[in-house]
Amino acid sequence: MAATLHSVCALDCPDACSLLINVDETGRGSRLRGNPDHPITQGFLCGKVARYLEREYSPDRLLYPLRRVGAKGEGRFERLGWDSALDLIAERLQAVAREFGPEAILPYSYAGTMGLLNGSGMDRRFFHRLGASRLDRTICSSAGAAGLTEALGVRYAMDTEHFRHSKLIIAWGANILGTNVHLWPFVVEARRNGAKFYVIDPRQNRTGKLADRYYAIRPGTDAALAFAMMHVITAEGLEDKDYVAAHTLGFAELKEKVKEWDPRRAAEATGIPAEDIVELAREYASTRPAAIRLNYGVQRSERGAMSARAIALLPALVGAWRDMGGGLQLSTSAAFQLNRAALERADLQMTSPLGREARLVNMSQLGDALTKLDSPPVKAMVVYNSNPAAIAPDQNAIRKGLRREDLFTVVLEQFQTDTADFADVILPATTFLEHSDLYYAYGHHYLQLARPALSAPGETKRNTEVFRQLAARMCFDEPCFQDSDDDMIRTLLTGGHPFLEGITLERLEAEHSVRLNIGETFLPFAKGGFGTPSGKCEFRAESLTYEAPVESRAGDKDLARRFPLELITPKNDDSMNGTFGNRPEVDAQTAVVVMHPLDAAPRGIVSGDQVRLRNDRGTCVLTAEVGERVAVGVVSSTAVRWPKRAADGNSVNMLTSQRLTDLGGGPAFYNCLVEAEKLLTEAQ
Ligand SMILES: Nc1nc2c(c(=O)[nH]1)N[C@H]1C(S)=C(S)[C@@H](COP(=O)(O)OP(=O)(O)OC[C@H]3O[C@@H](n4cnc5c(=O)[nH]c(N)nc54)[C@H](O)[C@@H]3O)O[C@H]1N2
Ligand SMILES: Nc1nc2c(c(=O)[nH]1)N[C@H]1C(S)=C(S)[C@@H](COP(=O)(O)OP(=O)(O)OC[C@H]3O[C@@H](n4cnc5c(=O)[nH]c(N)nc54)[C@H](O)[C@@H]3O)O[C@H]1N2
Ligand code: SF4
Ligand SMILES: [Mo]
């Protein structure tokens, strides 16, 4: 019988949309749409997922386990059965563990699915019990998280629905229309009621084009802007004196410290005129409610944690947290107080042959991990929910590692990605429409359950089942390896945090989406309650510092002379990191580099030219689009292209570095110096 079923979008997007899917008599999905009854989804989807069924039913889906027959990276495979595949993997992992110790095995995963079970469930238990190296999952948000923790102690965020009450909304490194489109209706509603909407971003993206004011900031210099705003606010006495007295620590020292951040100094660092900074600071301090939508664009830089921290101190200074519609949102995820410890079972490491906590390997330095790490070297890698051969920085190093003949690589995938090309064994994975999972969100406060809406094609299996079966092959006999997916969901809901009170699997089953038990008027810091030792927002002025990023025009002089262009590689509106990279139109979008006419002209570059970007790490050929969407000295290309789709076989991550952020061990993707040159075609 034809039916309409519920699901949840599992992509790594703040919106975590509630989906409705029409399924015909044969069980085939015919239409996907946003659930009109969901308070955030509001009945619409982004363009990329509205078309997800094309991906679901693509002839290119991986349907059977495969074993490599060609050279690594060549992409030649032959089919094999699940039993042989799992036997082979278990044997090889055991052999590696015996010879080199279990830490020679490295899991590599990120957020291909935001589902808790398939993202961090049975897999974690398996690798903990094995004693494998632990992966430090830094590739996206760890610098921002570290910065926010410094500022707020606990990373609670203003409620998404409250943006409708704001009178000033600042999108700070946040491409709302591109990466967080379900916040947009709340921005629209606020503006209808007179709110102003400002954007701070090095490129004028779709969101910036629609702003009341757009500030073209230089990459990685946000802390300087925040300090100068504090300078103006404190010098003019615009701080919220009651809030500051009651709920903050160290105001006098802050005021003294930011004296050195005269707006003219910040103008030099950021490229934003001093008078604009003064006006912005005044307006921010005197408009109520004032909201900052901070997103992760700001923290993918060498000073990323300091930038996020400095920005996150602003709402406390002006008392914005008091108001419904005021405060700051980076991520709402911290409010999902699920029992992840019981899901992931780090304690199993103690029963592993290692008998202790395993070493931590930073995923943002995968290139080094595969080529330089010793005692033990990485001898086996199991990749799932991620495409490191496209998305991780310094691809030359990564490829060198992936090509190693003595590295055994397993890839659980839905499609034949660049990473899958390097696999020894590929295991075909289900999509989120085909398995159960529990979903938190980082752009709203609703916990959601999805049940399979479509049957799994071919021999695809969900991640939880693959690791359950591998655990059985390895004779891991702890009862937790027998847990069903529903057992794991129930486990996640234990722990007794008040935000989860009354939320059960049965209730999720009936309601699909349940608001966390935070009330309708969740104002996390209206009356203080910061997660710091003092319970106050601690300015700790002495540690507020700024230095220009090494890879920036004001950084390393020699580098900046050789590679004078600052490359940023932000998200592509119509794709999701590397997911959808096999769509031709996504490939075309991610093959473009935008540059200012004053940078293009001296290099003889006009729109449509093939341009080679290069630095000491590598090269990447893109198509030029000359225009003023970026400032002079900044070039921008949306990420991430599948390298194998490019004529030169390279994506922008050939250029990005393994240099880490100031705190949190994140990648500094958006501080990347390059030079550009026009490629002469044969006809020329
Ligand atoms: N359409 C689409 N949506 C996505 C994704 C996608 O790939 N495509 N990816 C998802 C993921 S994994 C994440 S983490 C989120 C991220 O969501 P966002 O953080 O919104 O995305 P980014 O493109 O990383 O950065 C946002 C903006 O910051 C700008 N920016 C770059 N450097 C700086 C800087 O130094 N300072 C300031 N102020 N701005 C800067 C970029 O130009 C960009 O316009 O989006 C998710 N949603
Ligand atoms: N230059 C540059 N590089 C970047 C970024 C940038 O802005 N610029 N952004 C960075 C950020 S923020 C992030 S989060 C990372 C994202 O990096 P990744 O998490 O690697 O993201 P994707 O490329 O989307 O790859 C996810 C893969 O998981 C697979 N997948 C999806 N669901 C499942 C499942 O249930 N099971 C299995 N086995 N596989 C599944 C998909 O097919 C897809 O190939 O990229 C980072 N890289
Ligand atoms: S990618 Fe984001 S906006 Fe698009 S459907 Fe999924 S959750 Fe919604
Ligand atoms: Mo991300």
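Structural data are supplied above this passage.
Described below are features of the structure shown in this document. (Residues numbered from 1 in each chain as written. Chains lettered and ligands numbered in written order. Predicted model: local features only at pLDDT ≥ 70, side-chain atom pairs only at ≥ 80, totals over all residues. Heavy atoms only, no water.)

**So, the site of ligand 3**
No. 1: Cys9, Cys13, Asp15, Ala16, Cys17, Leu45, Cys46, Lys48, Val49, His182 and Met576 make up every residue found near ligand 3.
No. 2: Split by residue class, the shell around ligand 3 holds 8 nonpolar, 1 polar and 2 charged. (Near = heavy atom within 4 Å. Nonpolar A, V, L, I, M, F, W, Y, C, P; charged D, E, K, R; others polar.)

**Things to note about the packing of helix H10 (residues 222-235) against helix H15 (residues 304-318)**
The description of two helices packed together rests on the angle between their axes and the distance between the axes.
No. 1: The interhelical angle for the contact between H10 and H15, taken along N-to-C directions, is 20°, at an axis separation of 8 Å. On the basis of their axis angle, the class for H10 and H15 is roughly parallel. The handedness of the crossing between H10 and H15 comes out as left-handed. From H10, Asp222, Ala223, Ala226, Phe227, Met229, Met230, Ile233 and Thr234 reach across to H15, where they touch Met306, Ser307, Ala310, Ile311, Leu313, Leu314, Leu317 and Val318.
No. 2: Broken down by class, the residue content of the contact of H10 with H15 amounts to 13 nonpolar, 2 polar and 1 charged. (Axes fitted to C-alpha atoms, helices over the stretch in contact; angles between N-to-C directions. Helix = DSSP H or I, 4+ residues; strand = E, 2+ residues; numbered from the N terminus. Parallel < 35°, antiparallel > 145°, perpendicular 65-115°, else oblique. Left-handed = near helix turned anticlockwise from the far one by under 90°. Contact = heavy atoms within 4.5 Å.)

**Focus on the sheet that holds strand S5 (residues 77-79)**
No. 1: Reading across the sheet, the 6 strands line up as S5-S4-S17-S16-S15-S6 and stay open at both edges, with mixed pairing between neighbours. The open sheet is flanked by S5 and strand S6 (105-109), the only strands paired with a single partner. Neighbour-to-neighbour, the strand axes of this sheet turn through a mean angle of 20°, independent of strand direction.
No. 2: One ladder, built from 5 bridges, connects strand S15 (residues 380-384) with strand S16 (residues 408-413); its direction is parallel. Paired with Tyr384 across the strands is Leu412, a residue of S16.
No. 3: Against the sheet, helix H3 (residues 82-100) touches strand S4 (66-68), S6, S15, S16 and strand S17 (425-428), its axis set at about 130° to S17. (Pairing = 2+ DSSP bridges.)

**Details of the sheet that holds strand S9 (residues 196-200)**
Note: strands within a sheet are paired through backbone hydrogen bonds, in either parallel or antiparallel orientation.
No. 1: With parallel pairing, the 5 strands of this open sheet are ordered in space as S10-S9-S8-S12-S13. Two strands in the sheet have a free side with no partner beyond their single neighbour: strand S10 (213-215) and strand S13 (327-329). On average, each strand axis in the sheet is inclined to that of its neighbour by 15°, with strand direction left out of account.
No. 2: In the sheet, strand S8 (residues 168-172) pairs with S9 via 5 bridges, with the strands oriented parallel. Note that in S9 the partner of Leu168 across the bridge is Lys196.
No. 3: Those strands touched by H10 are S8 and S9, and its axis lies near 150° from that of S8.

These results come straight from atomic positions and should not be treated as a statement about function.
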